[in-house]
Amino acid sequence: MLHIVKLTICTLVFSLVIRPIFFEIHRYFIWIEIFDLIIAIIFYFIIRTQKFAKWEITIALITAQFLLFPILAISGGVNSQITYFLPLIPIMAALIGGQIESLCIGIFLVVITIISTYYSEYFIDLSGGVHIQEKSTSRGFWLTITIGFSMFFGRFFLQKYIRLTDQLKEESLQDPLTKLYNRRGLNLNFEQKLITISPYSPLSLILIDIDYFKKINDKYGHDIGDICLIEVAEILKNTLRKNDIIARFGGEEFIIVLPRTSKKEASTIAENIRYIIDQGRFSSFELPLTITLGMTVTVEKNDTILKIIKRADKALYKGKDKGRNRVELSED
């Protein structure tokens, strides 16, 4: 934001110094540029203080209107052709700032439009237009109505934008097949949980691998394999608690993060998951499946995601070496 304001100030200064050298302009334009320069400098120091950081975008949008209105004042007020662009401003404010910004800017524009309509006879029109009060009143009325509608549409577009953004964000963090978190979603949520761990509220992690899953894909096809993955994912989601994190780690591997869960509690959860999968039948072929689970728990405050997953991975492969379909604890 500061860089944009600096560029605006430099442009105004350059225009004031250089433009009169090449061609003569009306003195009104010089006073307008001086006014705009003062407003831009004031806005610059407001931003530098950071006292109104929350309202920075709103102040910037209102400042932009102050920079625009002197031009309107010398080109006929509400009769100026520039007013055709005013209804777009609340929509832009909604998309750039938000609903509150759009409302503030919309109300500001409505007030200015009403004042400009009432005092329209005092505005100068350097384009040579003739002032007609009936025309100004009509233009002011319809301009006010249009700005009001643009505030509504700004809110509508903002809601659509938020929904689309949320959908894209969700898709970027979600495995498209199982609808669980993907690795990116796992890392994002895992980091948040790591911040809260302590010796009194440890975090446990379970790494799960479906035994001999490649044989299912080779014998029945990848479509049946995908169905099995979806059904296993559903069982995991229904078995775990609300605050637990579950993700597809890749292929036939799943990973579960259990916040505030001791090794004993995590072992019970892991064994329960193993038993439910072992007793189930999957896909239309009623296929039996088993899983091997590697489990670990945080051992220190500065434990990292990579260290924790590596310990669980070692435990998982140790469980496979011991015959699969079992829960194996890591050697912390």
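Use the structure listed above.
With that settled, the discussion passes to the packing of helix 4 (residues 88-96) against helix 5 (residues 99-118). Between helix 4 and helix 5, the shortest axis-to-axis distance is 7 Å and the interhelical angle comes to 160 degrees. If you check the angle between helix 4 and helix 5, you find them roughly antiparallel. The two elements helix 4 and helix 5 meet at a crossing, and its hand is right-handed. Residue-level contacts link Ile89, Pro90, Ala93 and Ala94 of helix 4 to Glu101, Ser102, Ile105, Gly106 and Leu109 of helix 5. Split by residue class, the contact of helix 4 with helix 5 holds six nonpolar, two polar and one charged.

The next point concerns the sheet that holds strand 3 (residues 253-258). Judged by pairing direction, the sheet is mixed, and its five strands sit side by side in the order 2-3-1-6-7 without closing on themselves. Looking at which strands have only one partner, the edges of the open sheet turn out to be strand 2 (245-250) and strand 7 (327-329). Taken over all neighbouring pairs, the strand axes of this sheet differ in orientation by 20 degrees on average, direction set aside. As judged from the seven bridges shared by strand 1 (residues 204-210) and strand 6 (residues 291-297), these two strands associate in the antiparallel manner. Considered in strand 6, the bridge of isoleucine 206 is made with methionine 295. Relative to strand 3, helix 9 (residues 222-239) is tilted by about 10 degrees, and along the sheet it contacts strand 1, strand 2 and strand 3. Helix 10 (residues 263-279) rests against strand 1, strand 3, strand 6 and strand 7 of the sheet, and its axis sits at about 170 degrees to strand 6.

The backbone of arginine 260 sits at a positive phi, close to 50 degrees, despite the residue not being glycine. Its place among the elements puts arginine 260 in the loop between strand 3 and helix 10. For arginine 260, a relative accessible area of 56% gives the class exposed. Of note in the backbone geometry, arginine 324 takes a positive phi value of approximately 65 degrees without being a glycine. Relative to the elements of secondary structure, arginine 324 occurs in the loop between helix 11 (305-321) and strand 7.

Note that an α-helix has 3.6 residues per turn; residues three or four places apart therefore point the same way. Among all positions of helix 8 (residues 213-220), only Phe213, Ile216 and Asn217 are buried. Around the axis of helix 8, the buried residues are gathered within 95 degrees of arc, so they sit on the same side. Away from its buried face by more than 90 degrees, helix 8 exposes Lys214, Lys215, Asp218 and Lys219. Where the residues of helix 8 are buried, they touch strand 1, helix 9 and strand 5 (287-288). Trailing helix 8 by a residue or two, glycine 221 shows a phi angle of about 100 degrees, which is positive.

This part takes up the pairing of strand 1. Across the seven residues that make up strand 1, a large majority, seven, are buried. Alternating residues of strand 1 divide into Ser204, Ile206, Ile208 and Ile210 and Leu205, Leu207 and Asp209, and every residue in both groups is buried.

So, on to the nonpolar core. Counting residues in each nonpolar core, the largest one holds 30 residues, and the members touching the most others are Ile208, Phe254, Ile256 and Ile273. Breaking this core down by element, the ones donating at least two residues are strand 1, helix 8, helix 9, strand 3, helix 10 and strand 6. Sort the elements by how many residues they give to this core and helix 9 lands first, with seven residues. Residues in contact with isoleucine 208, not counting those within four places in the same chain, are Leu236, Glu252, Glu253, Phe254, Ile256, Ile273, Ile291, Thr292 and Leu293.

This part takes up the packing of aromatic side chains. Evaluated as defined, the whole model comprises five aromatic pairs. Here phenylalanine 152 and phenylalanine 153 contribute two aromatic rings whose centre-to-centre distance is 5.5 Å and whose plane-to-plane angle is 70 degrees, an arrangement assigned as edge-to-face. Here phenylalanine 153 falls in the partly exposed class, since its relative accessible area comes to 37%. Taken together, the aromatic side chains of Phe152, Phe153, Phe156 and Phe157 make up a single cluster linked through ring pairs. One Lys or Arg, lysine 215, reaches over the ring of tyrosine 212 and ends 4.7 Å from the middle of that ring.

For helix 5, built from 20 residues, the straight-helix expectation of 28 Å at 1.5 Å per residue is met to within 8% by its first-to-last C-alpha distance of 29 Å. Along helix 5, the residues that are buried comprise Glu101, Ser102, Ile105, Gly106, Phe108, Leu109, Val110, Thr113, Ser116 and Thr117.

Scoring rules and cut-offs
- Residues numbered from 1 in each chain as written.
- Predicted model: local features only at pLDDT ≥ 70, side-chain atom pairs only at ≥ 80, totals over all residues.
- Heavy atoms only, no water.
- Axes fitted to C-alpha atoms, helices over the stretch in contact; angles between N-to-C directions.
- Helix = DSSP H or I, 4+ residues; strand = E, 2+ residues; numbered from the N terminus.
- Parallel < 35°, antiparallel > 145°, perpendicular 65-115°, else oblique.
- Left-handed = near helix turned anticlockwise from the far one by under 90°.
- Contact = heavy atoms within 4.5 Å.
- Nonpolar A, V, L, I, M, F, W, Y, C, P; charged D, E, K, R; others polar.
- Pairing = 2+ DSSP bridges.
- Buried < 20%, exposed > 50% of the residue type's maximum accessible area, 1.4 Å probe, protein only.
- Arc of directions from axis to C-beta.
- Core = buried A, V, L, I, M, F, W, Y, C linked by side-chain atoms within 4.5 Å.
- Phe/Tyr/Trp six-rings, centres within 6.5 Å; stacked < 30°, edge-to-face > 60°.
- Lys NZ or Arg CZ within 6 Å of the ring centre and 35° of its normal.
- Expected span 1.5 Å × (residues − 1).

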